[in-house]
Amino acid sequence: MTENPVTQDQVQPRSVVARLPKYAAGKPPASVQGMTAYKLSSNEIPFGPLDAVHQAVVEQNSLNRYPDPLSTKLRDALADYLDVPAQDIVTGAGSLGALVQILNTFAGQNEDGVQDEVIYAWRSFEAYPILVQTAGALPVEIPLLEDGRHDLESMIAAVNENTSVILLCTPNNPTGPVLTQAEVDDFLARVPKNVLVVLDEAYIEFVRDEKSVDGIHTYNENENVVLLRTFSKAHGMANLRVGYSVAHPQITENIRVVATPFAVSSVAEDAAVASLANIDQVLERVEGLVSERERVVAALSEQGWKIPSTQANFVWLPLGANTEQFVERANAVALSVRGFADEGVRVSIGEVEANDRFIELCKESLDLA
Ligand SMILES: *Cc1c(COP(=O)(O)O)cnc(C)c1O
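Definitions and cut-offs
Residues numbered from 1 in each chain as written. Predicted model: local features only at pLDDT ≥ 70, side-chain atom pairs only at ≥ 80, totals over all residues. Heavy atoms only, no water. Near = heavy atom within 4 Å. Polar contact = N/O pair within 3.5 Å; in protein donor to acceptor, adjacent residues only side chain to side chain. Areas by Shrake-Rupley, 256 points an atom, 1.4 Å probe, with all protein chains shown as cover. Helix = DSSP H or I, 4+ residues; strand = E, 2+ residues; numbered from the N terminus. UniProt positions renumbered as here; feature names shortened; annotations may be inferred. Expected span 1.5 Å × (residues − 1). Buried < 20%, exposed > 50% of the residue type's maximum accessible area, 1.4 Å probe, protein only. Contact = heavy atoms within 4.5 Å.

Trainee: Explain the site of the ligand to me, please; I cannot follow it from the model alone.
Mentor: Taken together, 13 residues surround the ligand, and among them Ser95, Tyr203, Thr230, Ser232 and Lys233 come closest. Contact distances for the ligand include 2.9 Å between an oxygen atom and a backbone N or O atom of Leu96. Bound to the protein, the ligand loses 94% of the 390 Å² it would expose on its own. Ranked by the residues each element gives to the shell around the ligand, the list is headed by helix 4 (residues 94-106), at three residues.

Okay, here's the thing in structure tokens:
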């Protein structure tokens, strides 16, 4: 692209737009002669929809009508499943949509010109800096610890009178570790009550660590906590865009004012309800992926790799300057993985054959570790 000189007679975006990092969606795998290609770059599950979900999509016959703006059926089903009041749930177009609602409600530039500050760990979910700055707020990024966990002490130390929101990602995308209940309890005891703490639990269904934070319990105990959940990962519905937040009414009633109406289509809503109605099948698939994760982690550690402990459906290889080289080697064997330049590579747990091939690739790539 050529740079146009800025002229007075052209429309110009807000100055923040030029500073935003670009969201890099996971790429599809390159095709290699004689090899099945696998996409391990977006943390999707490798399965097609459950029969009941597919059925719910096919049976849609009111595409000419707007959906229920309150997603009442889905919120009732979720209220049942999570044992929370339906009033405490707000749906959105994916949990990204739900996060946009939250940030636009609680973080931005105030009438006196002062920007709210939003603290989050970094590296974490790459959408955070984009959404925070688009909302008009100031991003405050606190580097992860060596082992890929949040540095909660430094996050607390970063809180000041302008802090309005803190984002905690557990398990952390892209590194994998969870926050423990003890860590979060201690953190919340020290965070001012007027700061909203978001627990992004996109991968909650894959967590097996008993010490991991229990989001629902934590929201029940804290008026300033909001949970983010999604149907994109464990439920395998990334393309349908359904997510939600769970928080107390003084939070949700404000979020509803800001939320884009009709964000969740009836197609997506009915599919999500069907998925919840068949949660056993969902969790059975998840169980299979968790054992694949454990298999991959064990193989890598046997090979000598030192990687952060992961509770999600992906692993993180902290390859630093060798990141790009690993990504190229993966492409050469028809695996797409997600590289973060000079930091590392995130690889989703996929089909058994894909995981086998990834394990083999790691064995041959110890020179990069
Ligand atoms: C994938 C992911 C999301 C979910 O995105 P959707 O908008 O629900 O598809 C949210 N947070 C994190 C950390 C993620 O990795």
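Next comes the rest of the description.
Trainee: Just to check I follow, could you spell out the environment of Asp209 for this structure?
Mentor: Locating Asp209 in the fold gives a position in the loop between strand 6 (196-200) and helix 8 (215-221). The spatial distance from the C-alpha of Asp209 to the C-alpha of Glu324 is 32 Å, given a sequence separation of 115 residues. From its side chain, Asp209 meets the backbone nitrogen of Lys211 in a polar contact 2.8 Å long.

Trainee: Quick question: what am I supposed to make of the UniProt feature "domain: Aminotransferase class I/classII large" (unreviewed entry) in the chain here?
Mentor: UniProt records the feature "domain: Aminotransferase class I/classII large" (unreviewed entry) for residues 39-359 in the present numbering. The annotated region residues 39-359 carries 40% helix and 17% strand content, and the separation between its end C-alpha atoms amounts to 15 Å.

Trainee: Would you take a moment to explain helix 11 (residues 279-303) for this structure?
Mentor: Residue pairs spaced three or four apart in an α-helix point in one direction, given the helix's 3.6 residues per turn. Between its first and last C-alpha atoms helix 11 spans 36 Å; for 25 residues at 1.5 Å apiece the expected length is 36 Å, and the two agree. Among the residues making up helix 11, those that are buried are Ile279, Val282, Val286, Leu289, Val290, Glu292, Arg293, Val296, Ala299, Leu300 and Gln303. Residues of helix 11 that are buried sit in contact with helix 3 (72-82), helix 10 (266-277), strand 9 (314-317) and helix 13 (352-364). Taken from the residues just after helix 11, Gly304 is the one with a positive phi, measuring 110°.

Trainee: I keep staring at unusual backbone geometry and nothing clicks. Help me out?
Mentor: What you tend to see is this: most non-glycine residues have negative phi, and most peptide bonds are trans. The residue after Trp122, namely Arg123, is reached through a cis peptide bond having omega 10°. Locating Arg123 in the fold gives a position in the loop between strand 3 (117-122) and helix 5 (127-134). Thr170 connects to Pro171 through a cis peptide bond whose omega is -5°. With respect to the helices and strands, the residue Pro171 is situated in the loop between strand 5 (163-169) and helix 7 (181-190).

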